[in-house]
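Notes for the structure review
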Amino acid sequence: MFQLCPHCGQEALIKVEAVYDGFTKVGEKRICTACGKELEGAGASSSPVEKPDPLAALFGDMDDESGPDLFDVEEETARLCRKCKHYVLHPFTQMCAVHDREVQATDSCPQFEAKPSS
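Note that this is a predicted model, so its numbers are computed, not measured. Along each chain, residue indices are assigned from 1 in the same order as the chain's sequence is written. Local features are withheld for residues below a pLDDT of 70 in this predicted model, meaning they are given only at 70 or higher, and side-chain atom pairs are given and counted only at 80 or more; totals for whole chains, interfaces and linings count all residues. The basis for the side-chain values is all heavy atoms of the structure; hydrogens and waters are excluded.

1. Looking at the pairing of strand 2 (residues 11-21)
Strand pairing is assigned whenever DSSP identifies at least 2 bridges connecting the two strands. Secondary structure follows DSSP: runs of H or I at least 4 residues long count as helices, runs of E at least 2 residues long count as strands, and numbering of each begins at the N terminus. Here strand 1 (residues 2-4) runs beside strand 2; their pairing, made up of three bridges, is antiparallel. Note on strand 2: the bridge partner recorded for Gln 3 is Ala 12. Hairpin remark: strand 1 followed by strand 2, antiparallel, with six residues in the connecting loop; positive phi at Gly 9, about 80°. Relative to strand 3 (residues 24-32), strand 2 runs antiparallel, the two being bridged by eight bridges.

The structure is reproduced here in structure tokens:
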């Protein structure tokens with residue numbers, strides 16, 4: 001941005017530098033690139049600069065941190081082989097007694113029958 005400098009009288013670019021207190025940004029100062037003197041008045045600020053929260057700008061206020069429930073876990077895991085009465089757990093393999101084949105605990109089939117509750 002070009003501005004007329006009151007010190008040197010030239011129309012020059014204005015450089016904006018941050019002012020820090022330790023690692024905290026407390027303001028900005030505007031400096032003329034022609035003479036290097038600090039400009040006072042309009043645009044100069046020494047008040048703390050507050051940055052907007054980028055997530056709040058995208059999603060609004062996020063007071064509810066619970067998150068959405070994407071799927072019903074109980075319904076998805078209700079028909080797994082490990083919960084079937086035909087599932088046979090052996091030290092070396094896992095078998096289905098109906099199909100007489102090796103299965104995994106997370107497999108499922110249409111002949112599922114729930115284990116009786118013990």
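2. Here we look at the pattern of salt bridges
Oppositely charged side chains may form a pair once their charged atoms are brought near each other. One side-chain nitrogen of Lys or Arg within 4 Å of one carboxyl oxygen of Asp or Glu is enough to make a salt bridge. For the structure on display, the rule yields three salt bridges. For Lys 25, the salt bridge is made with Glu 28, and the minimal N-O distance between the two is 3.4 Å. Among the residues examined, Lys 25 registers a relative accessible area of 31% and is labelled partly exposed. Given the relative accessible area of 27%, Glu 28 is considered partly exposed. With a 1.4 Å probe rolled over the protein chains alone, any residue whose accessible area is under 20% of its type maximum counts as buried; one over 50% counts as exposed, and the rest are partly exposed.

3. What to know about the nonpolar core
Residues enter a nonpolar core if they are buried and are Ala, Val, Leu, Ile, Met, Phe, Trp, Tyr or Cys, with the set joined through side-chain atoms within 4.5 Å. Counting residues in hydrophobic clusters, the biggest one holds five residues: Cys 5, Ala 12, Ile 14, Cys 32 and Leu 39. Should any heavy atoms of two residues lie within 4.5 Å, those residues are considered in contact. For Cys 5, the contacting residues outside a window of four places in its chain are Gln 10, Cys 32, Cys 35 and Leu 39.

4. Concerning the pairing of strand 3
Taken together, strand 2 and the strand that follows it, strand 3, pair antiparallel across an intervening segment of two residues, in which Gly 22 is found at a positive phi of about 75°. Taken together, the two bridges between strand 3 and strand 4 (residues 38-39) define a ladder with antiparallel strand orientation. Within strand 4, the residue paired with Ile 31 across the bridge is Glu 38.

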